[in-house]
Amino acid sequence: MANTAATAPAASGPTPVPGRATKARTTSRRGETLAALPWLAPTLLLIAGVVIYPTILMFWTAFRKYNSYGIESGPAGLGNFIGPAGAFTFPTVPWAAIWTNTVVWVVVVVILTLVTSLGLAQFLNREFRGRKLLRMIIILPWASSVVMTTTVFNYGLQRDVGLFNRMLVDTGILQTARGFTKDPTSAFWVAVFVAIYVSIPFTTYTILAGLQGVPRDILEAAHMDGASAGQRYWQIVFPLLRPAIAAAALINIINVFNSLPILKILDETPGFNTGHTTTTLIFAYKAVLGPGVASALSIVNFAFCLVVIAAYLAIVKPANEVQ
Amino acid sequence: MAKFSTIIAAVAVGSTVALSACSSAGTTPSTSAAGAGGVLPATTIKILAPSYADSSQADWQKIITEFKKTQPNVKVELQIAAWDNFTDTVKARIQAKDYPDILNDNAFISEATAGLLYPITDVMSDTTLKAIEPALMKNGVGTDGKQWAAPDIASARMLAYNTDLFAKAGITAAPKTWADVEADAAKLAAQGVAGYGLPLGTEEAQVESSLWLWGAGGDWPVSGKLVANQPTAVKAFAEMKKLIDAKATQPDPGATNRQAVADLFNNGKLGMYVTHSGLMGVTRTKFPNIKFDLAPIPSQDGTPVAFGVTDFILAFNNNDANRKAATKQFLDLMYSDAQYEGWYKGTGLLPVTTSQIAKAKASDTNNAKFYEVLSYVKFNPVSNPQWDALKNALQGTAGTIAKDTPENVLAKIQAQVDAQS
């Protein structure tokens, strides 16, 4: 965060020339920065308070020894990472399943969300009766809290009292009611579905905004020149949507990777089961092994997140497109 | 915008609280506590307690109101939290170094080992200490021999069985041995209901595992250490697996908590399960159509088993003589017959003071059977520092018995315990 803020103005400005002129410019720029400070201060304070301080605390906690009650007892070295009860060495944690889940979780949710949203946005961009109403309905999952939405799914999928279960049995899709949330694998896939469901509104609206920016006259010209509907979409609309898709994808990757509530509510199996992602594992560790081990794992999660963003920025270069 | 103003408001409120906390700490008179009988100087004591029933808040408030009559200068802050995540609430307070002066919880050894507590003998008068049943009092002694906690409520677990369902399945008596349980559960399952309720989810796996282990004639401590992968435990887990494999339990035992099993029982969909007096009180008043009886918990050879639990009062050391003195007076008042009777009845569980136990035995016919088994209840090893690790391992892993062998499951549990010691 701090890095981009510091480098952005330098990159956009002209290349500095060594000599007196530079010095004068530097001082005047410093004056400008000082003048801007009162307006930037609230944001900077907020970033310091909710981003930088917790990050420092996370690193500090990861190298201290805690019991499961969070009572500290001195330095831990690398014990929280690779000690007998370390984040990566604690026995009985099904790591293969957890890494696979984490990758599947991010890739499947983000890709299916984007594909569904592309279609949905295209549809909502057409003129038809009741379009406004439909747009409002699609925004609903976004307007309600994720915990609430997920809890509704959880209740609906209960074996004895769940309405979804009852519907599946009554329509003959299932022979008998199934405890979807009681088994790690089925709970994981239900969670994937819910994650897509709650991610669609934001993504659809981002792409819809992009679609509004596609000039009509170009499309009409292409039509006149005999371009088919497919050609018009893939060669004109889709390239113009790239910045919108890029922004939606990046935000979704981070959101989905860090998502805790959906899996935590839907996977009712206790302990280190095969339905965890690294994010939910952090919280399982926090309850059993305390904040030290949980922080050790969150550092790795944090790093993984940074790598994903860096790779994404390098490959897609969304910043250039957005400008 | 709305969000930002909320943050500002939150920060403002937060800092006000912090400031007032500082000032109150700063102005605390340095003169130490007044004599035991006198009026104490202005101070605040904090209580953190779980919600046993809807009335819990009011039950504590009654004692607080009475306390304020003699100690008008002492402010009492009460926080009641739900049982589901109570441990998390306690952990959050400890990590924020906001120690309650009085904590009502079901464990004490982690706090005691970390040196955060007063020995409970420091904050209770001799009269109060003597009023508590010695057999229950023993449960609050740490491995160092000090009395770190005092029980405030007891409960016993017994087998509840639906007499209508038993009659329909042609079963005439409550099961006594494991063989009886298998046969009866199979007969019940043939009637289309679940036979035996087996809650191996996070909430109760440690209770259910202990019951089957005791039923096999074993116990967790083996020469002072807690051992999971012992032959008797293998026998116990094999028996649970037998019931699951025979489809004689409710579905998904590994993801079921006690309340879900109780719900099945209350709706006539379950033949028998291990229960306590509080849950049966609910069945009696809210589900009058369910006819049930209570029996000791079956074991392998038929020796009756019963599970005992005591919850505790812990007193945190806040390094403040006035708070300590106020805590002591509060606890003495709480355990007095006049206050304690109403308070314990509100929980729906059993009392711990000798006078109240005697009184309840004579009058409380609904819970008569629970009082009978109190003489032979066994307790989980809550005073052993390893118990926290074993409990967590059981809660997270015991449920995997449905899909794994007893040897494997117990080896995993042992590995988790070993990694933490």
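Only a predicted model underlies this, so the values are computations on that prediction, with no experimental measurement involved. (Residues numbered from 1 in each chain as written. Chains lettered and ligands numbered in written order. Predicted model: local features only at pLDDT ≥ 70, side-chain atom pairs only at ≥ 80, totals over all residues. Heavy atoms only, no water.)

Tallying secondary structure elements over chain A gives 14 helices and two strands in all. Across the 323 residues of chain A, 39% fall into the buried class. Contacts spanning at least 24 positions in sequence make up 64% of the contacts within chain A whose residues lie at least 6 apart. Accessible surface for chain A amounts to roughly 18500 Å². Of this, 69% is attributable to carbon and sulfur atoms. (Helix = DSSP H or I, 4+ residues; strand = E, 2+ residues; numbered from the N terminus. Buried < 20%, exposed > 50% of the residue type's maximum accessible area, 1.4 Å probe, protein only. Contact = heavy atoms within 4.5 Å. Areas by Shrake-Rupley, 256 points an atom, 1.4 Å probe, with all protein chains shown as cover.)

The next thing to look at is the confidence of the model for chain A. Segments scoring low in pLDDT should not have their predicted coordinates read at a detailed level. Averaged over every residue, the pLDDT of chain A is 87; residues scoring 70 or more account for 89%. Every residue in residues 1-18 of chain A is under pLDDT 50, and counting partners more than four places away or in other chains gives three contacts. (pLDDT = per-residue confidence, 0-100.)

Moving on to the environment of K378 of chain B. Residues and elements named next belong to chain B. Within the secondary structure layout, K378 lies in strand β11 (residues 378-379). Given a relative accessible area of 34%, K378 falls into the partly exposed group. Counting along the chain gives 134 residues from K378 to I244, while the straight-line C-alpha distance between them is 25 Å.

This next bit is on the interface of chain B and chain A. With 31 residues of chain B at the interface, the matching set in chain A holds 27 residues. Overall, the association of chain B and chain A removes approximately 2200 Å² of surface from exposure, summing both partners, and the carbon and sulfur fraction of that is 61%. Three residues stand out in chain B for area buried against chain A, namely K91, A255 and A419 of chain B, and they jointly supply 21% of the buried area on that side. Viewed at the interface, chain A and chain B are joined by two salt bridges. In this structure, D183 of chain A and K403 of chain B form a salt bridge, with 2.9 Å as the shortest nitrogen-oxygen distance. Viewed at the interface, chain A and chain B are joined by seven residue pairs in polar contact (both at pLDDT 80 or more). Top element by residues in the side of chain B that touches chain A is helix α3 (residues 86-95) of chain B. It accounts for five residues. When grouped by side-chain class, the residues that make up the side of chain B that touches chain A number 13 nonpolar, eleven polar and seven charged. (Buried area = accessible area lost by both parts, 1.4 Å probe. Salt bridge = Lys/Arg side-chain N within 4 Å of Asp/Glu carboxyl O. Polar contact = N/O pair within 3.5 Å; in protein donor to acceptor, adjacent residues only side chain to side chain. Nonpolar A, V, L, I, M, F, W, Y, C, P; charged D, E, K, R; others polar.)

This next bit is on the nonpolar core. Side chains that are nonpolar tend, in soluble globular proteins, to be buried together. Residues and elements named next belong to chain B. Core analysis: the biggest nonpolar cluster contains 70 residues, and F108, Y196, F237, M272, L390 and I413 have the highest contact counts within it. Considering every element that reaches this core, the biggest residue donor is helix α10 (residues 231-245), with seven residues. Beyond its immediate sequence surroundings of up to four residues, I413 is in contact with A228, F237, L390, A393, L394, T397 and A398. Of all hydrophobic cores here, the second largest spans 61 residues; its members include L78, A262, M334 and Y335. (Core = buried A, V, L, I, M, F, W, Y, C linked by side-chain atoms within 4.5 Å.)

Let us now look at the packing of aromatic side chains. Summed over all chains, the structure comprises 32 aromatic pairs over all chains. For the ring pair Y196 of chain B and W212 of chain B, a centre distance of 5.6 Å and an interplane angle of 75 degrees mean the geometry is edge-to-face. Highlighted residues: Y196 of chain B in strand β5 (residues 194-197) and W212 of chain B in helix α9 (residues 205-215), separated in sequence by 16 residues. For the pair Y196 of chain B and W212 of chain B, a shared accessibility class is recorded, and that class is buried. Grouping aromatic residues by their ring pairs yields a cluster made of Y52, W60, F67, W83, F86, F330, Y335, Y340, W343 and Y344 of chain B. The positively charged end of K91 of chain B is found above the aromatic ring belonging to Y69 of chain A, 5.8 Å away from the centroid. (Phe/Tyr/Trp six-rings, centres within 6.5 Å; stacked < 30°, edge-to-face > 60°. Lys NZ or Arg CZ within 6 Å of the ring centre and 35° of its normal.)

What follows concerns the packing of helix α2 (residues 56-70) of chain B against helix α13 (residues 321-334) of chain B. When two helices pack together, you describe them by how their axes are tilted relative to each other and by the distance separating the axes. All names here are of chain B. For the pair α2 and α13, the least separation of the axes is 10 Å and the interaxial angle reads 120 degrees. Considering the angle they form, α2 stands oblique to α13. Here the hand of the crossing between α2 and α13 comes out right-handed. Seen from α2, the contacting residues are W60, I63, I64, E66 and F67; seen from α13, they are A326, Q329, F330, L333 and M334. (Axes fitted to C-alpha atoms, helices over the stretch in contact; angles between N-to-C directions. Parallel < 35°, antiparallel > 145°, perpendicular 65-115°, else oblique. Left-handed = near helix turned anticlockwise from the far one by under 90°.)

Moving on, we get to the packing of helix α9 (residues 216-224) of chain A against helix α10 (residues 229-257) of chain A. Residues and elements named next belong to chain A. At their nearest, the axes of α9 and α10 sit 11 Å apart, and the two run at 150 degrees to each other. Of the two possible hands of crossing, α9 and α10 adopt the one that is right-handed. Residues I218, L219, A222 and H223 of α9 lie in contact with α10, whose contacting residues are R232, I236 and V237. In terms of residue class, the contact of α9 with α10 is made up of five nonpolar, one polar and one charged.

Attention shifts here to unusual backbone geometry. Residues and elements named next belong to chain B. A positive phi angle, near 55 degrees, is found at K97, a position not held by glycine. Note on placement: K97 falls in the loop between α3 and β3 (102-105). Looking at K97, the relative accessible area reads 62%, which means it is exposed. The backbone phi angle of D252 is positive, close to 50 degrees, even though this residue is not glycine. Mapping D252 onto the fold places it in the loop between α10 and α11 (258-266).

All names here are of chain B. A large share of strand β8 (residues 270-276) lies buried, amounting to seven of its seven residues. Here strand β4 (residues 150-162) runs beside β8; their pairing, made up of five bridges, is antiparallel. Each residue of the ladder has a partner; that of Y161, found in β8, is M272. Inspection of the sheet shows β5 paired to β8 by three bridges, in the parallel sense. Considered in β8, the bridge of Y196 is made with M272. (Pairing = 2+ DSSP bridges.)

All names here are of chain B. Every buried residue of α11 is accounted for by R258, V261, A262, L264, F265 and N266. Here the buried face of α11 lies against β4, β5, α9, β8, α12 (277-286) and β9 (292-295). One or two steps after α11, the chain reaches G268, where phi turns positive at roughly 70 degrees.

Attention shifts here to the pattern of salt bridges. All names here are of chain B. Enumeration according to the criterion identifies 17 salt bridges over all chains in this entry. The partner of E204 in a salt bridge is R157, and the shortest N-O contact between them spans 2.9 Å. Here the residue E204 occupies a position in the loop between β5 and α9, and R157 occupies one in strand β4, the gap between them amounting to 47 residues. Like R157, E204 is buried.

Time to look at the side chain of D184 of chain B. Looking at the secondary structure, you find D184 of chain B in helix α8 (residues 178-190). Setting aside residues up to four positions removed in sequence, D184 of chain B forms contacts with F166, I171, A173, P175 and M272 of chain B.

With that out of the way, let us pick up the environment of S117 of chain A. Residue and element names in this part refer to chain A. Tracing the backbone through its elements, the reader meets S117 in helix α4 (residues 95-124). For the pair S117 and Y205, spaced 88 residues apart in the sequence, the C-alpha separation amounts to 8.3 Å. When near neighbours in sequence (up to four residues on either side) are disregarded, S117 contacts I200, T203, T204 and I207. Of the polar contacts made by the side chain of S117, one reaches the side chain of T204; its length is 3.4 Å.

Attention now moves to α8 of chain B. Residues and elements named next belong to chain B. Taking 1.5 Å of rise per residue, the 13 residues of α8 would be expected to cover 18 Å, and the 18 Å separating its terminal C-alpha atoms lies within 8% of that figure. Residues W178, V181, D184, A185 and L188 constitute the buried set of α8. Axial view of α8: buried residues confined to an arc of 125 degrees, hence all on one face. Those residues of α8 hidden inside the fold are in contact with α7 (163-168), β5, α9, α10 and β8. Residue G192 follows α8 closely and has a positive phi angle near 90 degrees. (Expected span 1.5 Å × (residues − 1). Arc of directions from axis to C-beta.)

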